[in-house]
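For reference, the chains in residue letters:
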Amino acid sequence: MTFRRSISLPLAIATLLMTCSCGWVEDDLSDCAEKGIAKIELRITDAQLALAWDTDSAAWRSKWHYGWDSKDTEIWGPIGYTRPESYKVEYLNMGSDLTNPHLQNTEQETEYSTTFLHSLLRGYNNLLAWSNVNTSQGVQSLVINDDEPTNVVATSATVGKNKAGELVCYPPDIFYQGTRSDILITGEKADYDYYDATLKEWVKLVDVNLTPLVDIYLSQVIIYNNNSRIYGINGDAVITNFSRSVCVNDRIPSDQPTAIAFPMRMKRDVYIDSADKNADIIGGKLTTFGLCPKQNQLRNRLSINVTFSNQRDSTFTFDLTPQVQAQPHGGILTVELDMDTIRSPAGSSGGSTFDPWVKEYADSITHYFDI
């Protein structure tokens, strides 16, 4: 299942009839003005996005068994995408020559309202907009490096490195981006869509699509025949080899891989429709910048540290590469674990090693893992 969707963002670009020596009126757009006023109206329609996240649908219920309750919302926020509250908008004026590699003017502003005005220079203008982030804790984990010609967004917080020497980061916040090129501001009425008599403005309508730069994966480990042997999950889960950052301008993920640490939670005695029986489930929400361009050389392995009823800990590692590659822009990642095939670790404390049989949900093939 792919969750990436476009969000329609109509922009109304308008030239304000200003009082100047040339005397702009409804029938006359004077060439003496060097700027026009852009009236931008942000209308977010998320019908497609809502359809993709219709968790009450039969398709969802047949795949996603973990559910989503108030505790989950407290930990991860809503199950799907959150809506932006404000935007950073960057305007790039190209003048009259689109082949000129040097921009005549670049401006950047933060907008907190869905309707705002901005003055654009005559000629061709490019627009780049990206959203703020919404987090349940109010703490932002993204940082944007805008010192370079192209903006790069990455997670600001890192956990450290795992035993394999891989960088481990926290998951990125939900983040949107939209671009529009060649917005032409002129003094010709034919280049505008209508005249607003109340605002005394000529209005030009431009459509921009906002699309998430962050993909959502919902992960669940279904544990059959547990009988309270696995008591809980200890610490964060870690999944390997997603992109470290993404370019805001062109939406291309970086080649630098990173592991992502994210919380998971255990629920007991959940009814599984497809199996027609109850099971315990460890589940959670994972956000990523997507797969590295050289993903065919990398493996996506999910590791969780579980605690048994005798207080012994053990790490389970599952290779989810086939599922991730089949859903490159987000989806449901599922592992089924039969505890009748796993012997409990001996002793009363510390770690252990043992060999479970795991059935991957994607292709129902039984695989053997060394855990």
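Residues numbered from 1 in each chain as written. Predicted model: local features only at pLDDT ≥ 70, side-chain atom pairs only at ≥ 80, totals over all residues. Heavy atoms only, no water.

**Student:** Tell me about the packing of aromatic side chains, and please be specific about residues and values.
**Tutor:** In total, this model carries 6 aromatic pairs according to the counting rule given. Ring geometry for Tyr-217 and Phe-242: centres 5.7 Å apart, planes at 55°, overall tilted. With a gap of 25 residues between them, Tyr-217 in strand 14 (residues 215-224) and Phe-242 in strand 16 (residues 237-243) connect regions that are remote in the sequence. Between the aromatic rings of Phe-316 and Phe-318, the centroid separation amounts to 6.1 Å while the plane-to-plane angle is 85°, which identifies the pairing as edge-to-face. Since its relative accessible area comes to 0%, Phe-316 is described here as buried. One aromatic cluster is present, formed by Trp-64, Tyr-66, Trp-68 and Trp-76 through successive ring pairs. For the cation-ring pair, Lys-267 lies above Tyr-66, with the distance from its terminal atom to the ring centre recorded as 3.9 Å. (Phe/Tyr/Trp six-rings, centres within 6.5 Å; stacked < 30°, edge-to-face > 60°. Helix = DSSP H or I, 4+ residues; strand = E, 2+ residues; numbered from the N terminus. Buried < 20%, exposed > 50% of the residue type's maximum accessible area, 1.4 Å probe, protein only. Lys NZ or Arg CZ within 6 Å of the ring centre and 35° of its normal.)

**Student:** For the pattern of salt bridges, give the residues involved together with the corresponding values.
**Tutor:** For the structure shown, the criterion picks out 7 salt bridges. With a shortest N-O distance of 3.8 Å, Asp-280 and Arg-268 are connected by a salt bridge. On the criterion of sequence distance, the pair formed by Asp-280 in strand 20 (residues 277-288) and Arg-268 in strand 19 (residues 265-272) is long-range, its members being 12 residues apart. Since its relative accessible area comes to 40%, Arg-268 is described here as partly exposed. (Salt bridge = Lys/Arg side-chain N within 4 Å of Asp/Glu carboxyl O.)

**Student:** Which residues make up the nonpolar core, and what values do they have?
**Tutor:** Most often, soluble globular proteins keep nonpolar side chains buried together rather than apart. Counting 42 residues, the largest nonpolar core has Trp-64, Val-89, Val-153, Phe-175, Val-248 and Ile-272 as its most contacted members. Every element with two or more residues in this core is listed here: strand 3 (87-95), strand 5 (115-121), strand 6 (123-131), strand 11 (176-185), strand 13 (201-212), strand 14, strand 19 and strand 20. With near-sequence residues (within four places) excluded, Phe-175 lies in contact with Trp-130, Ser-131, Val-133, Leu-142, Ile-144, Val-153, Thr-211, Pro-212, Leu-213, Val-214 and Val-248. (Core = buried A, V, L, I, M, F, W, Y, C linked by side-chain atoms within 4.5 Å. Contact = heavy atoms within 4.5 Å.)

**Student:** Account for the confidence of the model for the chain, naming residues and giving values.
**Tutor:** Scored by pLDDT, the chain comes out at a mean of 75, with 70% of its residues at no less than 70. Per-element confidence in the chain ranges from a low mean pLDDT of 32 for strand 25 (residues 366-368) to a high of 95 for strand 20. Segment residues 350-371 is flagged for pLDDT under 50; beyond a separation of four residues in sequence, or across chains, it makes 68 contacts in the model. (pLDDT = per-residue confidence, 0-100.)

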